[in-house]
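A structural walkthrough
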Amino acid sequence: MEHIVFEIGLAIGLIALGGLVSSRLRFSVIPFYILIGMAVGPHAFHWGAFDLRFIHSAELIDVMGRIGVLFLLFYLGLEFSVGRLLKSGKSIAVGGTIYIAINFTLGILFGWVSGFPLEEILVIAGITTISSSAIVAKVLVDLKRTANPETEMILGIIMFEDVFLAVYLSILSGLILSGSTSVGGVALSALISLGFMLVVLFVGRKAVPLLNKYLNIKSNEVFLLVIFAALFIIAGFSEKLHVAEAIGALLVGLVLAETQHRKRIENLIIPFRDFFGAIFFFGFGLTIDPTTLFTKETIWLSLGAVVVTLLGNFVAGMLAGRSAGLTPKSSTNIGLTIVSRGEFSIIVANLGKAGGLLAVLQPFAALYVLILAILGPLLTKETKLVYKALNKIFKWDVPKRSVPEQ
């Protein structure tokens, strides 16, 4: 901690360099932030006097990264609408169930075919099922797709995943850490998570007239302090109830999107979103140890899981989109946008480590997440090309034949 200011400055400089390179190459910035974090973090290359481990204050950067996730999801909520979300509740529940069922089943089958014991299979299924809220939010914002017709389904699936994750982590931790689990405890955890989300959305919508009145603050300084206080308090409280803090931030954004102050909040929050969001992906790279990634077993396991995830996401996206009456093009966007894996996969892998399961789970999760963190934004950016290629096979858009004139 002696050179904390210098280290943070160096980290920001490297993040800025990654941003400049990515803009020159016209490529998603997310993989650059992650790779730079890997290159200079605690696990970076060192030999004698030559040492690339520049960043030692990983804990502080991790906290700043968590703030980045909050701002990313909060902004995404501001771009959406709680009214639209509630009106689409049924289609979101159906779409979320389809997405979880397909990806979780494929994860179980993949672990079983790979020859793992039961507990490891359950960890692998958890790693491969849950998408990254932070990466999905970043991609939607960067590509200006927050107003697209499929975005409400994407947001709904993210929230549905969080309820599933709360339940699944309860079950998994019981099985792995204590050897048993309580059905009643798991059910209660799920009900609390779902109830909290519904209460925030319902009460928030009813409170819009009051929010319009009391947020009419002239000073930008005081206005931001009030918004930040609401964001951090509700996000932190949601974590106490075993709902991801990122989802709490999303809920606050959805509620404030209904107020007449939405545009003002957006304009003031953008610099914080961009700054702390970049630090999150850099901090994620700091946690990855490159030396553990490239064993034969890890590589083949990760590549196999990536193929399974791509297939599962495409099928789930098409079925979820069709259930909501979306076009094949919008449905393709759903599957490609939420294909990225990240923070939640690492959480599940760490649970396996805490339970003393096979050591391959952590490097597998790291490489798997890294590949999809690179591939996901790229596929999302090129959805038009992907759709055109798939349309040649499946013939979704059949050109109408012109009727000859009499």
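Residues numbered from 1 in each chain as written. Predicted model: local features only at pLDDT ≥ 70, side-chain atom pairs only at ≥ 80, totals over all residues. Heavy atoms only, no water.

Let me state the cut-off plainly: UniProt positions are given in the numbering used here, feature names are shortened, and annotations may be inferred rather than shown by experiment.
As annotated in an unreviewed UniProt entry, the protein chain carries the name Cation:proton antiporter and comes from Cohnella thailandensis. UniProt, in its Subcellular location (unreviewed entry) section for the protein chain, records the words "Membrane". Database annotation for the protein chain, UniProt heading Sequence similarities (unreviewed entry): "Belongs to the monovalent cation:proton antiporter 2 (CPA2) transporter (TC 2.A.37) family."

1. Here we look at a nonpolar patch on the surface
Our working rule: Nonpolar side chains (Val, Leu, Ile, Met, Phe, Trp, Tyr) are joined into patches within 5 Å and like charges within 9 Å, using only residues with over 30% relative accessible area and no salt bridge. Where accessible areas are quoted, they stem from the Shrake-Rupley method and a 1.4 Å probe; at the residue level, only the protein chains shown are allowed to cover. Each salt bridge in this description consists of a side-chain nitrogen of Lys or Arg and a carboxyl oxygen of Asp or Glu lying within 4 Å of one another. Going along the chain from the N terminus, every DSSP run of H or I of four or more residues is numbered as a helix, and every run of E of two or more is numbered as a strand. Burial classification: accessible surface area is computed with a 1.4 Å probe over protein chains only, and a residue below 20% of its type maximum counts as buried, one above 50% as exposed, and the rest as partly exposed.
A contiguous nonpolar surface patch, about 270 Å² in accessible area, is contributed by Leu17, Val21 and Leu25. Along the polypeptide, Leu25 turns up in helix α1 (residues 4-25). Since its relative accessible area comes to 57%, Leu25 is described here as exposed.

2. Section: the packing of aromatic side chains
Two aromatic rings, taken as a pair, are described by how far apart their centres are and by the angle between their planes. For the record, the criterion: Here is the rule: rings of Phe, Tyr and Trp (six-membered ring for Trp) pair when centre to centre is within 6.5 Å. Planes less than 30 degrees apart are stacked, more than 60 are edge-to-face, and the remainder are tilted. The criterion for a charge sitting over a ring is simple: Lys NZ or Arg CZ within 6 Å of the ring centre, and within 35 degrees of the ring normal.
In the structure shown here, the tally under the stated rule is 17 aromatic pairs. A ring pair is formed by Phe314 and Trp396, whose centres lie 6.3 Å apart and whose planes are at 45°; its orientation type is tilted. Here the residue Phe314 occupies a position in helix α14 (residues 296-323), and Trp396 occupies one in the segment after α18 (383-394), the gap between them amounting to 82 residues. Relative to Trp396, the ring of Tyr387 has its centre 5.5 Å away and its plane inclined at 15°; by these criteria the two rings are stacked. The buried category is assigned to Tyr387, whose relative accessible area is 6%. Ring pairing ties together the aromatic residues Phe71, Phe228, Phe232, Phe272, Phe275 and Phe276, which thus form one cluster. Geometry around Phe223 places Arg264 over its ring, the cationic atom sitting 3.9 Å from the centre. Here Arg273 stacks its cationic end above the ring of Tyr75, 4.4 Å away from the centre of that ring.

3. Some remarks on the side chain of Glu245
Defined as follows: Whether two residues touch is decided by their heavy atoms; if any such pair falls within 4.5 Å, the residues are in contact.
On the secondary structure map, Glu245 appears in helix α12 (residues 245-256). A relative accessible area of 16% means that Glu245 is categorised as buried. Once residues lying within four places of it in the same chain are set aside, the contact partners of Glu245 are Arg66, Leu70, Ala235, Ser238 and Glu239.

4. Regarding unusual backbone geometry
For Lys144, which is not glycine, the phi torsion reads 55° and is therefore positive. You can see Lys144 is positioned in the loop between α7 (133-142) and α8 (151-178). Of the residues examined, Lys144 reaches a relative accessible area of 71% and is grouped as exposed.

5. Quick look at the packing of helix α2 (residues 30-40) against helix α13 (residues 262-286)
Put simply, the rule is: Axes, fitted as lines to C-alpha atoms, cover a helix only where it is in contact. Angles between the N-to-C directions of the axes lie from 0 to 180 degrees. Orientation labels follow simple angle bins: below 35 degrees gives roughly parallel, above 145 gives roughly antiparallel, 65 to 115 gives roughly perpendicular, and whatever is left gives oblique. Helix crossings fall into two classes, left-handed where the near helix is turned counterclockwise from the far one by less than a right angle and right-handed where it is turned clockwise. Gly falls in the polar group here, along with every residue not listed as nonpolar (Ala, Val, Leu, Ile, Met, Phe, Trp, Tyr, Cys, Pro) or charged (Asp, Glu, Lys, Arg).
Two elements in contact, α2 and α13, have axes whose closest approach is 6 Å; the angle formed by their N-to-C orientations is 45°. Relative to α13, the element α2 is oriented oblique. When you trace α2 past α13, the crossing you get is right-handed. Between α2 and α13, the contacting residues are Ile30, Tyr33, Ile34, Ile36, Gly37, Met38 and Val40 on the first element and Ala278, Phe281, Phe282, Phe284, Gly285 and Leu286 on the second. The residue makeup of the contact of α2 with α13, split by class, is 11 nonpolar, 2 polar and no charged.

6. Considering the side chain of Thr151
Positionally, Thr151 belongs in helix α8. Once residues lying within four places of it in the same chain are set aside, the contact partners of Thr151 are Phe80, Leu140, Arg145 and Thr146.

7. Concerning a positive patch on the surface
Where we set the bar: The charge count treats Lys and Arg as positive and Asp and Glu as negative. His and the chain ends do not count. Where a charge lies is defined by one atom per residue type: Lys uses NZ, Arg uses CZ, Asp uses CG and Glu uses CD.
Judged by side-chain charge, Lys329, Lys384, Lys388 and Lys392 come together as a positively charged surface patch. Ranked by residue count, the leading element in the positive patch is α18, at 3 residues. Locating Lys392 in the fold gives a position in helix α18.

8. Looking at the nonpolar core
Heads up, the condition is: Residues belong to a common nonpolar core when they are buried Ala, Val, Leu, Ile, Met, Phe, Trp, Tyr or Cys residues joined through side-chain atoms within 4.5 Å.
Counting residues in each nonpolar core, the largest one holds 117 residues, and the members touching the most others are Ile34, Leu73, Phe74, Leu251, Phe281 and Phe282. For Phe74, the contacting residues outside a window of four places in its chain are Ile227, Leu231, Ala249, Leu250, Val252, Gly253, Leu256, Ile265 and Ile269.

9. Quick word on the environment of Val315
Mapped onto the elements, Val315 comes out in helix α14. Considered as a pair, Val315 and Ile102 are 213 residues apart in the sequence and their alpha carbons are 8.1 Å apart.

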